[in-house]
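This is what each chain is made of:
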Amino acid sequence: MPRILLVVQDKGGVGKSLATRALAEAVFEAPVIEVDASRRLLELEKRVTFFPMRADRAAIDLSGGKAARAEFDGVITAMQKATMPTIVDVGANTSTSLLSVLNQLTNALVAMKIEIGVLVLVTAEPGALAEAPRLMQLAKPLAAARFLIENRLHGEVEAKAIAKIADGATVTTLDHHSMEDQAVAVLQAGGLATIPDLDIAKLIDRHGLALGSRVHGDLKRLRADAMAAVLPAAEWLVG
Ligand SMILES: Nc1ncnc2c1ncn2[C@@H]1O[C@H](COP(=O)(O)OP(=O)(O)O)[C@@H](O)[C@H]1O
Ligand SMILES: [Mg+2]
């Protein structure tokens, strides 16, 4: 059975979707499962299967917890049906619940020969720092391989703290990329997928020589760095 890599962190805005996009670039044609409140990985089009979260609170209460338990059934079925290495972008506030549900299924996952990897994102934000070690521990009985990306979006985390969170997982870092607004706009419109084909002459036409080449450089660097940060996880996924 193919390997499945879950990209997790309950805190939003830490780079889960960026890491997913980088993995999608690194692992040619790998299908992507997106678990989120709304679709974001639009540029990946048909590669993505989207599962909306969460079952609304009223429905969960009315069902006495049944709706909450069933919330991930579709996602888990999609994982079971995977025939290729698959990337799962787990949206904000969902990672702990999904990993907990999967922990109850370890026997079934073993029986089905489904191999799970977990990639945790952490930033210097208190919320992300608090969640990361818990997620790493939840992943431990479940995952054949664990990875941690320190995303320096909000500054560096002390090396000691990272080592403690990682608990033996493979650690990489992603520097904060301060980009031109025009580069951010390209990124928002097309993710990382359109960057290799960017025409520098067109960017220079549009923004002038200086800004156009900065926009080009910003995007190329972000894509290369994001792909470097996910490389160990990408190698495990196809390995
Ligand atoms: N290291 C970084 N440097 C610059 N921008 C980043 C970096 N990491 C993430 N971003 C940007 O921050 C925003 C939030 O990241 P995203 O991947 O959507 O987070 P999440 O999926 O965890 O909510 C996106 O616009 C993303 O491109
Ligand atoms: Mg996201």
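Here's what I pulled together on the structure shown here.

Conventions adopted
Residues numbered from 1 in each chain as written. Chains lettered and ligands numbered in written order. Predicted model: local features only at pLDDT ≥ 70, side-chain atom pairs only at ≥ 80, totals over all residues. Helix = DSSP H or I, 4+ residues; strand = E, 2+ residues; numbered from the N terminus. Rg over C-alpha atoms; globule rule 2.2 N^0.38 Å. Buried ≥ 20, exposed ≤ 12 C-beta atoms within 10 Å, placed from the backbone. Contact = placed C-beta atoms within 7 Å. Near = placed C-beta within 6 Å. Nonpolar A, V, L, I, M, F, W, Y, C, P; charged D, E, K, R; others polar. Arc of directions from axis to C-beta. Pairing = 2+ DSSP bridges. Axes fitted to C-alpha atoms, helices over the stretch in contact; angles between N-to-C directions. Parallel < 35°, antiparallel > 145°, perpendicular 65-115°, else oblique. Left-handed = near helix turned anticlockwise from the far one by under 90°.

**Here's the deal with the overall build of the protein chain**
Link 1 in the chain: Along the protein chain, the regular secondary structure elements total eleven helices and seven strands.
Link 2 in the chain: Relative to its length of 239 residues, the protein chain is compact, with a C-alpha radius of gyration of 18 Å against a globular reference of 18 Å.
Link 3 in the chain: With respect to the principal axes defined by its C-alpha atoms, the protein chain has extents near 60 × 40 × 40 Å.
Link 4 in the chain: In the protein chain, buried positions account for 40% of the 239 residues.
Link 5 in the chain: A separation of at least 24 residues holds for 74% of the contacts in the protein chain among residues at least 6 apart in sequence.

**Brief notes about the site of ligand 1**
Link 1 in the chain: Contacts to ligand 1 come from 14 residues, most closely from Gly15, Lys16, Ser17, Leu18 and His177.
Link 2 in the chain: It is helix α1 (residues 16-26) that provides the largest number of residues to the shell around ligand 1, a total of three residues.
Link 3 in the chain: For the shell around ligand 1, the class distribution of residues is six nonpolar, seven polar and one charged.

**With respect to helix α5 (residues 95-103)**
Link 1 in the chain: All of the buried residues in α5 are Ser95, Leu98, Leu99 and Leu102. Buried residues of α5, viewed axially, fall in a sector of 95°; they line one side.
Link 2 in the chain: At its buried positions, α5 is contacted by β1 (3-8), β2 (32-36), β4 (86-90), β5 (115-122) and α7 (126-139).

**Quick notes on the sheet that holds β1**
Backbone hydrogen bonds hold the strands of a sheet together, and the pairing may be parallel or antiparallel.
Link 1 in the chain: Read from one edge to the other, the open sheet built from seven strands follows the order β3-β2-β4-β1-β5-β6-β7, with strand pairing classed as parallel. The open sheet has two edge strands with one neighbour each: β3 (48-52) and β7 (170-174). Between one strand axis and the next, the sheet turns by 20° as a mean value, whatever way the strands run.
Link 2 in the chain: As paired elements, β1 and β4 share four bridges and run parallel to each other. What sits directly across from Val7, in β4, is Asp89.

**Brief notes about unusual backbone geometry**
Link 1 in the chain: The backbone phi angle of Glu45 is positive, close to 50°, even though this residue is not glycine.
Link 2 in the chain: Position of Glu45 among the secondary structure elements: in the loop between β2 and β3.
Link 3 in the chain: Residue Glu45 is classed as exposed on the basis of its C-beta count, with 8 C-beta atoms lying within 10 Å.
Link 4 in the chain: Phi angles above zero are rare outside glycine, and Asp167 is one such case at about 50°.

**Examining the packing of α5 against α7**
Link 1 in the chain: At a closest axis distance of 9 Å, the pairing of α5 and α7 adopts a crossing angle of 15°. As the angle between them shows, α5 and α7 are arranged roughly parallel. In the crossing of α5 with α7, the sense of the turn from one axis to the other is left-handed. Where α5 approaches α7, its residues Ser95, Thr96, Leu99, Ser100 and Asn103 are matched on the opposing element by Arg134, Leu135, Leu138 and Ala139.
Link 2 in the chain: Along the lines of polarity and charge, the residues of the contact of α5 with α7 split into four nonpolar, four polar and one charged.

**Focus on the packing of helix α10 (residues 200-207) against helix α11 (residues 209-238)**
Link 1 in the chain: Relative to each other, α10 and α11 sit at 135°, their axes nearing to 7 Å. Classified by the interaxial angle, the pair formed by α10 and α11 is oblique. Our pair here, α10 against α11, has a crossing hand that is right-handed. Side by side, α10 and α11 meet where Ile200, Leu203, Ile204, Arg206 and His207 of the first sit next to Leu209, Leu211, Gly212, Ser213, Val215 and His216 of the second.

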